[in-house]
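Residue-level structure breakdown
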Amino acid sequence: VSGAEAATVAATRRARLEKRRQLQLVLDLDHTLLECTTDARAAAVRGVEALGDVAGRPHWVRLRPGLAAFFERVAPLYELAIYTHGSRDYALAVRARLEAASPGLKFAGVVSRDCCPDLRGEKSLARLFPGGAARALILDDRLDVWTRGEDQTARVLVVQPYKFFSARFR
């Protein structure tokens, strides 16, 4: 994306958000919204849902308690996006599961490691919002992935990591 294209995209996004009176909320998946496992023992645990095959392997997820109520509250206020170090197939499967569980919930974008092979353990809003992210807020269980390169820590709300399976399957 050229500088001029990025500026046009950013201006269009800014105008859309101002018209809707919204901000952007960038959401991490693993240990923030949910925990995922490929351990088949998860199928027998109450509250765990099958995500299906992702990259040829069955996956199960446990959503963070209160997630549906969280989405109900934030969806009218924010344009939602997913940013994960997981694969694109995984991110899209989780997005489909979250949108199916919460009527009216829609994610405007998804960034995964497949989109950005240069991630190397870091995240950047520039990958999701070329031309600027002046109206963006980030919800993640890790602050360190947002400090490399351009420091974006002022935008990050850090949550306690949600680790459901790690306490059960060792």
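How each quantity is defined
Residues numbered from 1 in each chain as written. Predicted model: local features only at pLDDT ≥ 70, side-chain atom pairs only at ≥ 80, totals over all residues. Heavy atoms only, no water. Helix = DSSP H or I, 4+ residues; strand = E, 2+ residues; numbered from the N terminus. Rg over C-alpha atoms; globule rule 2.2 N^0.38 Å. Contact = heavy atoms within 4.5 Å. Areas by Shrake-Rupley, 256 points an atom, 1.4 Å probe, with all protein chains shown as cover. Lys, Arg positive; Asp, Glu negative; His and termini not counted. Charge placed at Lys NZ, Arg CZ, Asp CG, Glu CD. Phe/Tyr/Trp six-rings, centres within 6.5 Å; stacked < 30°, edge-to-face > 60°. Buried < 20%, exposed > 50% of the residue type's maximum accessible area, 1.4 Å probe, protein only. Polar contact = N/O pair within 3.5 Å; in protein donor to acceptor, adjacent residues only side chain to side chain. Core = buried A, V, L, I, M, F, W, Y, C linked by side-chain atoms within 4.5 Å.

Moving on, we get to the overall build of the chain. Helix and strand content of the chain: 4 helices and 8 strands. Shown N-terminal to C-terminal, the secondary structure of the chain runs as helices and strands in the order α-β-β-β-β-α-β-α-β-α-β-β. Whereas a compact globule of 170 residues would reach a radius of gyration of roughly 15 Å, the chain reaches 16 Å, a difference of no more than 12%. Counting only C-alpha atoms and orienting by the principal axes, one finds that the chain spans roughly 50 × 35 × 30 Å. Once local pairs closer than 6 in sequence are excluded, the contacts in the chain between residues at least 24 apart make up 68%. Just so you have it, the chain exposes about 9,200 Å², and 51% of that area is on carbon and sulfur atoms. Distance between charge centroids for the chain: 4 Å, based on 27 positive and 20 negative side chains.

For any pair of aromatic rings, geometry is given as the distance between the ring centres together with the angle between the planes. Within the structure shown, the criterion is met by 5 aromatic pairs. When the centroid spacing of 5.3 Å and the interplanar angle of 80° are considered together, the rings of Phe164 and Phe165 count as edge-to-face. On the basis of relative accessible area, Phe164 is assigned to the buried category, the value being 8%. Through a chain of ring-to-ring contacts, the aromatic side chains of Phe70, Phe71 and Phe107 assemble into a single cluster.

For the rest of this paragraph, the subject is the side chain of Lys123. Inspection of the secondary structure puts Lys123 in the loop between β6 (107-111) and α4 (125-128). A distance of 2.9 Å separates a polar atom in the side chain of Lys123 from a polar atom in the side chain of Asp28. Not counting the four nearest positions on each side in its chain, Lys123 is found in contact with Asp28, Tyr83, Thr84, His85, Asp140, Val145, Trp146 and Gln152.

Attention shifts here to the nonpolar core. Core analysis: the largest hydrophobic core is formed by 25 residues, its most contacted members being Phe71, Leu80 and Leu98. Going through the elements one at a time, β1 (23-27), β2 (34-37), β3 (49-54), β4 (57-63), α2 (67-74), β5 (78-83), α3 (88-101) and β6 are the ones with two or more residues in this core. A per-element tally of this core places α3 first, with 5 residues. Beyond its immediate chain neighbours, meaning those up to four positions away, Leu80 contacts Leu25, Leu27, Phe71, Val74, Leu105, Lys106, Phe107, Ala108 and Gly109. By size, the runner-up hydrophobic cluster in this structure holds 13 residues, among which are Cys116, Leu128, Ala136 and Ile138.

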